[in-house]
Amino acid sequence: MATTPRTEPAAAAPSGPSAEPLPDFAGVDVGVLAARTDHAVLGEVVARLLRHWPSADDAVAYYEDGA
């Protein structure tokens, strides 16, 4: 029985961070987005996000949370 040698794809070098800055979505109203989207995946993500969204009284940031 003849065997065919396996050829593995060349391993790509790990990519680094992009020089392009991420878009700023700070002004997006998530509640409005939840009401207006008809995209199944986005709707599920937004619904879960809103379930875990803290109230203004519960939102706290600690110094240790920073970079």
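Everything here concerns the structure above.
The structure displayed is predicted, hence computed values, not measured ones. (Residues numbered from 1 in each chain as written. Predicted model: local features only at pLDDT ≥ 70, side-chain atom pairs only at ≥ 80, totals over all residues. Heavy atoms only, no water.)

Q: Describe a nonpolar patch on the surface, listing the residues and the values that go with them.
A: Nonpolar side chains collect at one region of the surface, where Leu 49, Leu 50 and Trp 53 lie side by side and expose about 290 Å² of accessible area between them. With respect to the secondary-structure elements, Leu 49 resides in helix α2 (residues 40–51). Leu 49 sits in the partly exposed class, given a relative accessible area of 39%. (Patch = residues over 30% accessible without salt bridge, like charges linked within 9 Å, V, L, I, M, F, W, Y side chains within 5 Å. Areas by Shrake-Rupley, 256 points an atom, 1.4 Å probe, with all protein chains shown as cover. Salt bridge = Lys/Arg side-chain N within 4 Å of Asp/Glu carboxyl O. Helix = DSSP H or I, 4+ residues; strand = E, 2+ residues; numbered from the N terminus. Buried < 20%, exposed > 50% of the residue type's maximum accessible area, 1.4 Å probe, protein only.)

Q: Please give an account of the environment of Ala 47 that cites residues and values.
A: Here Ala 47 lies in helix α2. Considered as a pair, Ala 47 and Ala 35 are 12 residues apart in the sequence and their alpha carbons are 9.7 Å apart.

Q: Residues and numbers for the pattern of salt bridges, please.
A: Scanning the model with the defined rule gives 1 salt bridge in all. Salt-bridge contacts for Glu 44 lead to Arg 48; the nearest nitrogen and oxygen are separated by 2.9 Å. With Glu 44 and Arg 48 both in helix α2 and 4 residues apart, the pair spans about one turn of that helix. Residue Glu 44 is classed as partly exposed on the basis of its relative accessible area, which comes to 40%. Among the residues examined, Arg 48 registers a relative accessible area of 47% and is labelled partly exposed.

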